[in-house]
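Analysis of the macromolecular model
Residue strings, one per chain:
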Amino acid sequence: MAIALPAVGFQHAYPQLVESVSVSRSGTKAMAFVEYADAYWSIQMRTKPLKASERLLVEAFKDACRGGLTTVLYTPKHMCVPRAYWGDAGNAALANAGNLVSITGNQLAINSVDNGLTLGPGDLISATTGDYNSLFRIQSGGMAAGNAITVTVEPAVPAYITASAVIAFKNPVANMRLMPGSFSIPDEPKPVATFTLVEIPK
């Protein structure tokens, strides 16, 4: 069973894509680059200074994570809508989730969207197949026409995200887990709690 982040304020923090690439060298020259594992998202979470009652919520969240054994449903707090809709988060085009038609490399063909939906480089979207939730950053996008849009994303789409996945354009969601040993909260008035979340399939 997945859990949500605690209902407290968080400071600005942005998901970072961790690339698993090794480099072979000859002297100081790089000779070969090899990706030895799939890329994944990581985010360093920091709360705002906590009241006593908020501290209890955060500590209960930490306990519920069970050292990383429980999935956390993460939604970016400060990039929850595409750039074209900053200041217009209630736009109807964002409320209509898309349907993933096909995957070609890193290119996603999506239909069942509102005409005029605009997605651009840097925007975050998510894809959901069953209990699997994956986060993607747009590399190239455009404006939807014919109730369809094609975008190129990073990272590569994992095998567990398949055609017919639900695509969220507002409040995208990713499956994460607490990195063991990363949680910290000092014993002081109005403390700031910090912890690291890393992406997992589900």
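In this report, the structure presented in the accompanying data block is examined. Position labels on residues start from 1 in each chain and follow its written sequence. It should be noted that, the model being predicted, local features are given only for residues of pLDDT at least 70 and side-chain atom pairs only at 80 or more, the latter also being counted only at that level, while totals for whole chains, interfaces and linings use all residues. Heavy atoms throughout the structure, all of them, feed into the side-chain values; hydrogens and water do not.

What to know about the pattern of salt bridges
Put simply, the rule reads: What counts as a salt bridge is simple: a side-chain nitrogen of Lys or Arg found within 4 Å of a carboxyl oxygen of Asp or Glu. Elements are defined by DSSP. Helices are runs of H or I of four residues or more, strands are runs of E of two residues or more, and each kind is numbered from the N terminus. Classification of residues uses two cut-offs on accessible area relative to the type maximum, computed with a 1.4 Å probe and protein chains only: under 20% is buried, over 50% is exposed, and between them is partly exposed.
As enumerated under the stated definition, the model contains two salt bridges in all. Residue Glu59 is joined to Arg55 by a salt bridge in which the shortest nitrogen-to-oxygen separation is 3.0 Å. Of the two residues, Glu59 and Arg55 are both situated in helix H1 (residues 52–65); the distance of four residues between them amounts to about one turn of the helix. Note that Asp187 and Arg55 form a salt bridge whose closest N and O atoms lie 3.0 Å from each other. Highlighted residues: Asp187 in the loop between strand S13 (174–178) and strand S14 (194–199) and Arg55 in helix H1, separated in sequence by 132 residues. Overall, the relative accessible area of 15% leaves Arg55 in the buried class. Here the salt bridges do not stand alone but share partners, grouping Arg55, Glu59 and Asp187 into one network.

A look at the pairing of strand S11 (residues 148–154)
Rules: For two strands to be treated as a pair, DSSP must find at least two bridges joining them.
Residues Ile149, Val151 and Val153 line the buried face of S11, whereas the alternating positions Ala148, Thr150, Thr152 and Glu154 sit on a face that is not buried. When strand S9 (residues 132–140) meets S11, the two strands line up antiparallel, connected through three bridges. When the sheet's bridge partners are listed, Ser140 is paired in S11 with Thr152.

Some details on the environment of Leu17
The test is simple: When checking whether two residues touch, look at their non-hydrogen atoms; a contact exists if any pair is within 4.5 Å.
Of note, Leu17 is situated in strand S2 (residues 16–26). Residue classification places Leu17 among the partly exposed residues on the basis of a relative accessible area of 22%. Sequence spacing of Leu17 and Arg137 is 120 residues, and the spatial spacing of their C-alpha atoms is 9.2 Å. In this structure Leu17 touches Ala39, Tyr40, Trp41, Glu154 and Pro155, once residues within four positions along its chain are discounted.

Overview of the sheet that holds S11
To keep it simple, the criterion reads: Only the stretch in contact is used when a helix axis is fitted, and all axes are lines through C-alpha atoms; the angle between N-to-C directions ranges over 0 to 180 degrees.
Strands sit in the order S5-S6-S11-S9-S8-S12 around a closed barrel of six strands; the barrel is antiparallel. Adjacent strand axes in the sheet meet at a mean angle of 45°, parallel and antiparallel pairs treated alike.

Description of unusual backbone geometry
Look at the link from Glu154 to Pro155: it is a cis peptide, with omega at -5°. Tracing the backbone through its elements, the reader meets Pro155 in the loop between S11 and strand S12 (166–168). With a phi angle near 60°, Ser112 is a residue other than glycine that sits in the positive phi range. Inspection of the secondary structure assignment puts Ser112 in the loop between strand S6 (107–111) and strand S7 (118–119). What makes Ser112 partly exposed here is its relative accessible area of 40%.

Overview of the sheet that holds strand S3 (residues 29–46)
An order of S1-S4-S13-S14-S3-S2 is seen for the six strands of this open sheet, with the pairing classed as mixed. The open sheet has two edge strands, strand S1 (3–4) and S2, and neither has a second partner. For S2 and S3, the ladder comprises 10 bridges, and the chain directions are antiparallel. Note that in S3 the partner of Ser24 across the bridge is Ala32.

Remarks on the nonpolar core
Across soluble globular proteins, you tend to see nonpolar side chains buried next to one another. Under the convention used in this document: Residues belong to a common nonpolar core when they are buried Ala, Val, Leu, Ile, Met, Phe, Trp, Tyr or Cys residues joined through side-chain atoms within 4.5 Å.
One finds Leu5, Met45, Phe61, Val72, Tyr74, Phe195 and Leu197 to be the most contacted residues of the largest nonpolar core, which totals 24 residues. Elements with a contribution of two residues or more to this core: S3, H1, strand S4 (72–74), S13 and S14. Non-local contacts of Val72, meaning those with residues more than four positions away in its chain, are made with Ile3, Leu5, Phe61, Cys65, Ala174, Asn175, Met176 and Leu197. Membership of the second largest hydrophobic core comes to 23 residues, among which are Leu94, Leu108, Leu119 and Ala127.

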